Amino acid sequence: MTVYGNFPGSRPRRLRTTPAMRRMVAETRLDPANLILPAFVREGITAPVAISAMPGVQQHTLDTLRKAAVDAVSAGVSGIMLFGVPADENKDARGTAGTDPDGILQVGLRAVREEVGDDLVVMSDLCLDEYTDHGHCGVLTADGRVDNDATLERYAEMAQVQADAGAHVVGPSGMMDGQVGVIRDALDQTGHEDVAILAYTAKYSSAFYGPFREAVGSSLKGDRKTYQQDPANARESLRELALDLDEGADMVMVKPAGPYLDILAKVADSVDVPVAAYQISGEYAMIEAAAEKGWIDRDAAIMESLTGIRRAGAQMILTYWATEVAERLRRS
């Protein structure tokens, strides 16, 4: 065997030799505190309803929602993001169930706050799409376009009722121009100065939202390309970021997470506020489906996907595996 002196002089493999060594030098660490659990609460059901496209995820009753919140606290999860699923007969063109103090989301918020108090950061999705009979995120004009400024008025109302119901954080996700500023004003003018805003700053028009539409019983006709971001664009996200921060966003988010890690890294490198990323329904469904087929190692793929999101710069990750992963991390 030919010996080449001390070649190679650098041996990075020395720091990969054992699990303990790899753990010691790991550059990215995932912690239960990084995780937020998205959860769906549905009106008019007496037992949870499985979401076929998202194995293991369900539409909750108020009782099972309470339990999910308690389980999240026990696992060390930091937050829960609630989505309301109203009965079809309660949907209308203006999404009035979304601003009804007794609408399903507001009832769910009160239930979770009563159950866990401040032990979990209770977040609410602030958007009209779940509550409109056309499925869009805002009020429509006579010719079917989303009316940005009329929608902002509705968002201001939503912010107030969600804060009244107990939300610690509201998450405006409709991608209307000026939404963060209008919501901040509405909160401040109604005595909710301490309610934070998690801005869906870069929310892309994505094919990966498909399973979510089953989860919320979406009535969408058409698409949302006129207000959600074009997947081809990157610089545009930084413009949205600057606007949201100027309008008073406390935290910012990139959604989806996995297909947009480059955007997440750009955002994280540009700000001094907390950065979140949402591992959305399609990302979840792909891993679950491939694992069910035996094509990938489910647990390893989950952890790798979340570590990648964390490595790209997310301090907070919304994931449907939040409680499961938090429990696994606490055992490890």
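All values reported here derive from a predicted model rather than from experimental measurement.

Looking only at helices and strands, the chain features 11 helices and 10 strands. Taking 20 Å as the expected radius of gyration for a compact globule of 332 residues, we find that the chain reaches 21 Å, a close match to that expectation. Seen through its C-alpha atoms, the chain measures out along the principal axes to roughly 80 × 45 × 40 Å. Sequence-distant contacts in the chain: of pairs separated by 6 or more residues, those separated by 24 or more amount to 75%. With the model as given, the accessible surface of the chain reaches about 15,300 Å², and the carbon-plus-sulfur share is 49%. The averaged location of the 49 negative side-chain charges in the chain is 11 Å from the averaged location of its 33 positive side-chain charges.

A word on unusual backbone geometry. The omega torsion across Lys255 and Pro256 is -5 degrees, close enough to zero to call that bond cis. Checked against the element boundaries, Pro256 lands in the loop between strand S8 (251-255) and helix H8 (261-270). For Met175, which is not glycine, the phi torsion reads 60 degrees and is therefore positive. Position of Met175 among the secondary structure elements: in the loop between strand S6 (169-172) and helix H5 (179-189).

Attention shifts here to the pairing of strand S1 (residues 35-42). Where burial is concerned, most of S1 is hidden: 7 out of the 8 residues are buried. As paired strands, S1 and strand S10 (residues 316-318) are joined by 2 bridges and run parallel to one another. Its bridge partner being in S10, Ile36 is matched across the sheet by Leu318. Of the pairings in the sheet, the one linking S1 to strand S4 (residues 79-85) comprises 7 bridges and is parallel in character. Note that in S4 the partner of Arg42 across the bridge is Val85. Where S1 and strand S3 (residues 58-60) come together, 2 bridges link them in parallel fashion.

Let us look at the nonpolar core. Membership of the largest hydrophobic core comes to 98 residues, with the highest contact counts inside it found for Phe40, Ile80, Tyr155, Tyr278 and Val325. With near-sequence residues (within four places) excluded, Tyr155 lies in contact with Leu126, Cys127, Leu128, Cys137, Gly174, Met176, Gln179 and Ile183.

With that out of the way, let us pick up the pairing of strand S7 (residues 196-203). Most of S7 is tucked away, with 8 of its 8 residues classed as buried. Once you follow S6 into H5 and on to S7, the crossover reads as right-handed. In the sheet, S7 pairs with S8 via 4 bridges, with the strands oriented parallel. Residue pairing for S8: Lys203 is matched across the bridge by Lys255.

Over its 12 residues, helix H9 (residues 281-292) runs 16 Å from end to end, which matches the ideal 16 Å to within 8%, given 1.5 Å per residue. All buried positions along H9 are accounted for by Ser281, Gly282, Glu283, Tyr284, Ala285, Ile287, Glu288, Ala290 and Ala291. Buried-residue contacts for H9 involve helix H6 (210-215), strand S9 (275-278) and helix H10 (298-311).

This next bit is on the side chain of Ser205. Within the secondary structure, Ser205 sits in the loop between S7 and H6. On the basis of relative accessible area, Ser205 is assigned to the buried category, the value being 16%.

What counts and what doesn't
Residues numbered from 1 in each chain as written. Predicted model: local features only at pLDDT ≥ 70, side-chain atom pairs only at ≥ 80, totals over all residues. Heavy atoms only, no water. Helix = DSSP H or I, 4+ residues; strand = E, 2+ residues; numbered from the N terminus. Rg over C-alpha atoms; globule rule 2.2 N^0.38 Å. Contact = heavy atoms within 4.5 Å. Areas by Shrake-Rupley, 256 points an atom, 1.4 Å probe, with all protein chains shown as cover. Lys, Arg positive; Asp, Glu negative; His and termini not counted. Charge placed at Lys NZ, Arg CZ, Asp CG, Glu CD. Buried < 20%, exposed > 50% of the residue type's maximum accessible area, 1.4 Å probe, protein only. Pairing = 2+ DSSP bridges. Core = buried A, V, L, I, M, F, W, Y, C linked by side-chain atoms within 4.5 Å. Right-handed = clockwise from strand over helix to strand, strands pointing away. Expected span 1.5 Å × (residues − 1).

The values are spatial; any link to function lies outside them.
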